[in-house]
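As a plain string of letters, each chain reads:
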Amino acid sequence: MLNSTGDTGADAVPGAAATLTKAAGPAPGPPARTNGLRRLADLRNLSLLGVLAVLVIVGGVTKPDEFLSTDNLQLVLTQASVIGVVTVGVTFVITSGGIDLSVGAIVALASVWATTLATQDYGFGGILLCAVLVGLGCGLVNGVLIAYGGVVPFIVTLAMLASARGLALQISDGRTQVVTVKPVLDLGLRDSYVLGVPPLVMIFAAATVLGWLLLGRTTFGRRTVAIGGNPEAARLAGIDVRRQRLLLYLLSGLCCGIAAFMLVVLTGSGQNTNGNLYELDAIAAAIIGGTLLSGGRGTITGSVLGVLVFTTITNLFALNNLQTDVQQIAKGAIIVAAVLVQKGRSTS
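All of the points below concern the structure found in this document. What you see is a predicted model; the values in this text were computed from it and never measured.

### As for the overall build of the protein
Here is step 1: When helices and strands are counted, the protein shows 16 helices and four strands.
Here is step 2: For the protein, with 348 residues in total, the buried portion stands at 50%.
Here is step 3: In the protein, once contacts between residues fewer than 6 apart in sequence are set aside, the share between residues at least 24 apart is 78%.
Here is step 4: With an accessible surface of roughly 15400 Å², the protein has 67% of that area assigned to carbon and sulfur atoms.

In C-alpha cells form, the structure reads like this:
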C-alpha cells in the first residue's frame with residue numbers, strides 16, 4: 001500500500017506489517033501511527049516544495065534574466081535527470097538498510113566502456129546496451145558479495161568505487177572519448193524535444209513513476225521495506241532476504257547504466273571523471289527527501305524533490321559565480337541537518 005505522498009514505511013504499509021505479524025507478533029502500531037506518518041510525510045514534502053520556491057525566488061531576484069529563462073530551466077531539469085535516475089536506485093538500497101557508495105564510479109565506467117571505438121561500431125543500440133550491461137555487472141558483483149558473501153555493504157561498495165574508477169581510467173587512458181554516433185548526439189539536441197521537454201527529462205520521469213509504483217504498490221517494494229525495518233523478522237516471515245538484496249543492488253546498477261547513457265547523450269563523450277560525487281548527491285537527496293538512512297522507510301517522491309533542490313542550488317551557485325567548495329560545504333551541512341532531524345523524529 002502507498003500513502004498519499006508516495007512514501008512507504010514499515011508502519012505505513014499494512015501488507016508488509018501483516019506479513020511480518022505472522023512471524024513477529026502483533027502489528028507494530030495502531031492506525032493513528034499510520035495517519036501520523038502520512039501527516040509527517042505531507043509536511044516534509046511541503047517543506048521541500050517551500051525550499052524550492054525560496055530558491056526560485058532567490059534566483060529570480062539575483063539573476064532574473066538568466067535563472068528564469070526557458071533555456072536555464074530546461075538545463076536544470078536535464079541535469080537533475082541524470083543524478084535523479086541514480087537516486088531512484090539508491091533510494092531502494094537505503095530503504096532496505098543498505099548503502100551504495102559506488103554509483104558515481106559505475107556511471108563513469110559504464111560511460112567510458114560504452115564510448116570506446118569498438119562499442120560505437122554497433123551504433124545507438126550498442127552504446128545503450130553496453131552502458132546498461134556494465135551497470136548490471138557492477139550491481140551483480142556488489143549484490144553477490146553483500147547478499148551471499150556476507151560482506152558489509154560499506155566495504156563492498158567502497159571497493160567497487162575504487163575498482164570501477166581505476167578500470168575507467170585504464171580503458172580511457174585518461175582521455176575523453178568523443179561520441180561520433182549521430183543518433184546518440186541527436187537525442188541531446190533541441191530538435192528532439194517533445195513539447196519543449198528534453199528526452200532525458202522524460203526518461204527521468206518514467207524512472208520516477210516506475211520506481212514509485214515498484215516501491216509502493218508491489219510485493220517487491222513491501223519486501224524492501226520489510227528487510228530494512230527488521231531483516232530477521234522478514235526472514236522468519238518467508239522473505240528470501242539474500243535474493244532481495246541481490247535484486248536491489250542489480251536495480252541500483254541498472255539505474256547507473258541508464259544514467260551513464262544519459263550522460264553520454266548530454267555531454268557527447270565518455271570520460272573517467274564522469275559521475276564525480278554522484279554518490280554524495282544521490283544519498284543526500286534520498287535522506288533529505290525522507291528515506292531513513294537506517295532503512296525501513298523510503299520515498300521516491302521525497303528523493304525526487306531532494307534532487308531538484310540540490311540541482312537548483314548548484315545552478316544558483318554557478319550563475320552567481322560562487323565557489324564549488326562552498327557548494328560542497330552547503331550540501332554537507334544539509335545532509336547533517338537532515339540526519340539530525342530524522343534522529344529527533346525517531347526518538348520523539
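### Focus on the side chain of Thr95
Here is step 1: Along the chain, the position of Thr95 falls in helix H4 (residues 70-95).
Here is step 2: If near-sequence neighbours (up to four positions away) are discounted, Thr95 is found in contact with Leu215, Thr224, Val225, Gly228, Thr291, Gly295, Gly296, Arg297 and Gly298.

### Regarding H4
Here is step 1: In a regular helix each residue adds 1.5 Å, so 26 residues correspond to 38 Å; H4 covers 35 Å between its end C-alpha atoms and thus fits that length.
Here is step 2: Its axis deflected by about 30° at Val82, H4 carries its strongest bend there.
Here is step 3: The element H4 is extensively covered by neighbouring structure, given that 20 of its 26 residues are classed as buried.
Here is step 4: After H4 finishes, the residue Gly97 shows a positive phi value of roughly 90°.

### As for the state of the cysteines
Here is step 1: Applying the stated criterion across every chain yields a total of zero disulfides.
Here is step 2: Cys138 takes part in no disulfide bond, and the closest cysteine sulfur, belonging to Cys256, lies 8.3 Å away.
Here is step 3: Cys255 takes part in no disulfide bond, and the closest cysteine sulfur, belonging to Cys256, lies 7.1 Å away.

### Topic: the nonpolar core
Here is step 1: Among the nonpolar cores identified, the biggest contains 76 residues, and Val86, Phe92 and Val107 are the most heavily contacted of them.
Here is step 2: If we ignore the near neighbours within four places in the chain, the residues touching Val107 are Val86, Cys256, Ala259, Ala260, Leu263, Gly275 and Tyr278.

### Observations regarding the environment of Thr224
Here is step 1: The topology assignment puts Thr224 in helix H11 (residues 219-229).
Here is step 2: Exposure remark for Thr224: the relative accessible area of 0% places this residue in the buried category.
Here is step 3: Placed ten residues apart in sequence, Thr224 and Ala234 show a C-alpha to C-alpha distance of 9.5 Å.
Here is step 4: In this view, Thr224 contacts Phe92, Thr95, Ser96, Leu215, Gln244 and Leu248; residues no more than four positions away in its chain are not counted.
Here is step 5: Within the local environment of Thr224, its side chain forms a polar contact with the backbone oxygen of Phe220, the two atoms lying 2.9 Å apart.

### Points about unusual backbone geometry
Here is step 1: Phi at Asp173 is positive, roughly 55°, even though this residue is not glycine.
Here is step 2: Note that Asp173 resides in the loop between helix H8 (153-172) and strand S2 (177-178).
Here is step 3: Overall, Asp173 belongs to the exposed group, its relative accessible area being 53%.

### A few points about the side chain of Gln74
Here is step 1: Residue position: Gln74 is located in helix H4.
Here is step 2: For Gln74, a relative accessible area of 11% translates into the label buried.
Here is step 3: In this view, Gln74 contacts Arg190, Tyr193, Gly196 and Pro198; residues no more than four positions away in its chain are not counted.

Rules used in this analysis
- Residues numbered from 1 in each chain as written.
- Predicted model: local features only at pLDDT ≥ 70, side-chain atom pairs only at ≥ 80, totals over all residues.
- Heavy atoms only, no water.
- Helix = DSSP H or I, 4+ residues; strand = E, 2+ residues; numbered from the N terminus.
- Buried < 20%, exposed > 50% of the residue type's maximum accessible area, 1.4 Å probe, protein only.
- Contact = heavy atoms within 4.5 Å.
- Areas by Shrake-Rupley, 256 points an atom, 1.4 Å probe, with all protein chains shown as cover.
- Expected span 1.5 Å × (residues − 1).
- Bend = angle between axes of the 7 residues up to and from the residue.
- Disulfide = S-S within 2.5 Å.
- Core = buried A, V, L, I, M, F, W, Y, C linked by side-chain atoms within 4.5 Å.
- Polar contact = N/O pair within 3.5 Å; in protein donor to acceptor, adjacent residues only side chain to side chain.

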